[in-house]
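Close look at the chain arrangement
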Amino acid sequence: MHLSAIRLDSPVMLAVIGVLALLAVISVPWFWDKWRKRKQIGRSATVLVALCLVIVTLGLTGNMIGGFFPTLGSLLGTGAFAAEGIDVEGGDNGVDLARARDLGVAHARVGKGTIAHVTVTGRRTGLTRDVTVYLPPQYFQHPYKSMRFPAITWIPNYPSGPEVTTAPIGYHLPEQLDAAISKHLLPPVIVLIPDPTGTPKIGHDTECVDEVNGSPNDTYLSADVREWAIQRLGVNPDRRAWTIAGWSSGGYCALNLVTRHPQWYAQAASVSGYEKAQVDGETENLFRGRKDIEDANNVKINVRLHPAPLELLAISGEKEQNESRAVDQMRAAAQAPVQFTSWRIPDAGHNMNTFKAQLPDVLTWIGQRIPGPSAPGPRADVTGGVKPWPLPSTGARGGLTAVEQ
């Protein structure tokens, strides 16, 4: 059995292990004085088993709440993609996406989008990672055959991958997109859900930045995936047609990538995000002492020193003190022509329930700002005259510099 076949998001498994943990805890005092031979070994073994089962129960509970890892394979980073809710395997760089045509047409008749899994290899970076693609119903309808669609790049929270958006314990993004499009709150839009981390995931929180002498995560997410979608899916290259969104670390990624690359993106939406890359036990040495690179990935600094015509939405919960502080600081720092909108909401803490409750409003906010599908026009400046600001070189393979942009 492959590790990716062992589910970690099963309520039945959680219930069984929870009961075993309870029995193990009860057994510690029960057997404490009953061990006659090898008393010390027996007591130690009983305590160890109880402790392990309690830790596993707490871990599975946190995984269910956060929607991090659907399978044991995804936890251990086996590299095998296994997510429920995928309609078709699109192959390397989407070479097999044509097989989604018939199913997409059938889904379109009932107003349902089609979900494909592909692996995308970046032209600039050479990185190969999983990408889940949502294709709206209109993508398969004849009147839209030659249309260019807007796009949302949706960044999963660490340590999740694209599977968090479609898995049973995830936040069911495709269903939310179907509903928003059918209600005309959101125009038909292609949604790209890339893996921001790669493997292994544990202890490898990239924060979506180009690591100094490390992985060019920013370049892959902001440039490679965008370029692939324009060429392979026919996405509108106009910056106004591109939004990045996410929750928690994905929210920081959204704000940071958009403010760093305003010539390619015009909007960002962050739920429970923050203003700068987190440095903790799960984060690698991203900047290696380069303060200029660290500052170049600080949203508060970017919106003050390098303002561009961007619309940014940052949402935080009343109980999320760190995130709320970060939002307040970014709002105070933002200079025109940045338009910075913030919402402070009642919340259930920094967890997926808070985020899921905000999804409809976030999609509506995006829908009020992005254009609908449009016919290809004459070759034009799709940056809208927005010029990139000089970015310091990170030394990462394929990392963007001012010249390469």
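Residues numbered from 1 in each chain as written. Predicted model: local features only at pLDDT ≥ 70, side-chain atom pairs only at ≥ 80, totals over all residues. Heavy atoms only, no water.

If you look the protein chain up in an unreviewed UniProt entry, it shows as Alpha/beta hydrolase from Amycolatopsis halotolerans.

Let's talk about the overall build of the protein chain
How we decide: Only DSSP runs of H or I reaching four residues or more are called helices, and only runs of E reaching two or more are called strands; each is numbered from the N terminus. The buried label goes to any residue with under 20% of its type's maximum accessible area, the exposed label to any with over 50%, and the partly exposed label to all in between, with areas taken from a 1.4 Å probe on protein chains only. All accessible-area figures derive from a Shrake-Rupley calculation using a 1.4 Å probe, and residue coverage is judged against the displayed protein chains alone.
Looking only at helices and strands, one finds 11 helices and 9 strands in the protein chain. Within the protein chain, buried positions represent 54% of all 405 residues. When the accessible surface of the protein chain is totalled, it reaches about 17700 Å², and 57% of it is carbon and sulfur.

As for empty space enclosed by the protein
This is how it is decided: Cavities and pockets were defined on a 1 Å grid built from protein atoms only: a cavity is a group of points that admits a 1.4 Å probe but offers it no way out, a pocket is an open group of points flanked by protein on both sides within 12 Å along at least five of seven lines, and a lining residue is one with an atom within 4 Å of any such point. Grid points are joined across faces, edges and corners, and a volume is the space filled by probe spheres set on the points. For this classification, Asp, Glu, Lys and Arg are treated as charged, while Ala, Val, Leu, Ile, Met, Phe, Trp, Tyr, Cys and Pro are nonpolar and the rest, including Gly, are polar.
Taken as a whole, this structure holds 1 cavity of 30 Å³ or more when the rule is applied. What the largest cavity holds in volume is close to 50 Å³. For the lining of the largest cavity, a count of residues per class yields 5 nonpolar, 4 polar and 2 charged.

Some thoughts on the side chain of T165
Basically, it comes down to this: A contact between two residues is defined here by any heavy atoms of the two lying within 4.5 Å.
Along the chain, T165 turns up in the loop between β4 (151-155) and α5 (173-182). Residue classification places T165 among the buried positions, given a relative accessible area of 0%. When near neighbours in sequence (up to four residues on either side) are disregarded, T165 contacts Y171, H172, L173, P174 and I193.

As for the nonpolar core
As a reminder of what qualifies: As used here, the term nonpolar core means buried Ala, Val, Leu, Ile, Met, Phe, Trp, Tyr and Cys residues forming a set that is joined through side-chain atoms within 4.5 Å.
Among the nonpolar cores identified, the biggest contains 60 residues, and V133, I190, L192, W228, L233, W242 and L312 are the most heavily contacted of them. Ranked by residues supplied to this core, first place goes to helix α6 (residues 217-233) with 8 residues. Contact partners of V133, with chain neighbours within four places excluded, come to T114, I115, A116, V118, I190, V191, L192, W228 and L233. Judged by nonpolar contacts, the second largest core, of 29 residues, contains I115, I181, L363 and W365.

Things to note about the packing of aromatic side chains
We apply this condition: For Phe, Tyr and Trp, where Trp contributes only its six-membered ring, two rings pair if their centres lie within 6.5 Å, and the inter-plane angle classes them as stacked under 30 degrees, edge-to-face over 60, or tilted in between. Comment: the charge-over-ring label is applied if NZ (Lys) or CZ (Arg) is within 6 Å of the ring centre and within 35 degrees of the ring normal.
A full pass over the atoms with the stated rule returns 8 aromatic pairs. Centroid distance W247 to F355: 5.7 Å. Interplanar angle 15°. Geometry classified as stacked. One end of the pair, W247, is in strand β6 (residues 242-247); the other, F355, is in helix α11 (residues 352-367), and 108 residues separate them in sequence. Grouped by ring-pair contacts, the aromatic residues Y139, F140, Y144 and F149 constitute a single cluster. Note that R226 overlies the ring of W242, its terminal NZ or CZ placed 5.4 Å from the centroid.

Quick look at the pattern of salt bridges
Defined as follows: For this analysis, a salt bridge means a side-chain nitrogen from Lys or Arg found within 4 Å of a carboxyl oxygen belonging to Asp or Glu.
All chains considered together, the criterion is met by 12 salt bridges. With its nearest N and O atoms 3.0 Å apart, the salt bridge here joins E227 to R123. Linking E227 in helix α6 with R123 in the loop between β2 (114-121) and β3 (128-135), this pair joins segments that are 104 residues apart in sequence. Exposure remark for E227: the relative accessible area of 18% places this residue in the buried category.

Here's the deal with the layout of surface pockets
The computed volume of the largest pocket comes to approximately 380 Å³. For the largest pocket, the lining is made up of 14 residues, of which P237, P378, R379, A380 and V382 are closest to its centre.

Re the confidence of the model for the protein chain
Here is the rule we go by: A score from 0 to 100, pLDDT tells how confident the predictor is in each residue.
The share of residues in the protein chain with pLDDT of 70 or more is 90%, and the mean pLDDT across the chain is 88. Within the model, the stretch residues 401-405 combines pLDDT values under 50 with 11 contacts to residues more than four positions away or in other chains.

Remarks on a nonpolar patch on the surface
Under the convention used in this document: Patch definition: residues with relative accessible area over 30% and no salt bridge; like charges joined within 9 Å; nonpolar side chains (Val, Leu, Ile, Met, Phe, Trp, Tyr) joined within 5 Å.
A cluster of nonpolar side chains, contributed by V12, V16, V19, L20, L22, L23 and I26, occupies part of the molecular surface with about 650 Å² of accessible area. Position of V12 relative to the elements: it lies in helix α1 (residues 11-32).

Section: the sheet that holds strand β7 (residues 267-271)
Across a sheet, strands are paired by hydrogen bonds formed along the backbone, either parallel or antiparallel in direction. The criterion, for reference: For two strands to pair, DSSP has to find at least two bridges joining them. An axis is simply a line fitted to the C-alpha atoms; with a helix, the fit covers only the stretch in contact. Between two such axes, the angle follows the N-to-C directions and lies from 0 to 180 degrees.
The strand order across the open sheet built from 9 strands is β1-β2-β3-β5-β4-β6-β7-β8-β9, with neighbouring strands paired in mixed fashion. Of all the strands in the sheet, just β1 (88-92) and β9 (339-345) have a single pairing partner and so form its edges. Taken pair by pair, the neighbouring strands of this sheet meet at an average axis angle of 20°, ignoring direction. Of the pairings in the sheet, the one linking β7 to strand β8 (residues 311-317) comprises 5 bridges and is parallel in character. Residue pairing across strands places A268 opposite L312, the latter belonging to β8. Here α6 sits on the sheet and contacts β2, β3, β4, β5 (190-194) and β6; the angle it forms with β5, its principal contact strand, is near 145°.

Focus: the pairing of β5
Within β5, 5 of the 5 residues are buried, leaving the element largely enclosed by the surrounding structure. Of the pairings in the sheet, the one linking β4 to β5 comprises 3 bridges and is parallel in character. Bridging across to β5, T153 finds its partner in L192.

Digging into the state of the cysteines
So the rule is basically this: In this description, the term disulfide denotes a pair of cysteine sulfurs within 2.5 Å.
Taken as a whole, this structure holds 1 disulfide when the rule is applied. Across the disulfide from C208 sits C253; the S-S distance is 2.1 Å. Taking the sign of the S-S torsion, 85° for the link of C208 and C253, the bridge is right-handed. Here C208, found in the loop between β5 and α6, pairs with C253, found in helix α7 (residues 249-260); they are 45 residues apart in sequence, far enough to count as distant. C253 shares its class with C208; the two are buried.

What to know about α5
Note: α-helices contain 3.6 residues per turn, so residues at a spacing of three or four share the same orientation. Here α5 has its buried residues at L173, P174, L177, D178, A180 and I181. Elements in contact with the buried residues of α5: β2, β3, β4, β5 and α11. One or two residues past the end of α5 sits H184, with phi positive at roughly 60°.

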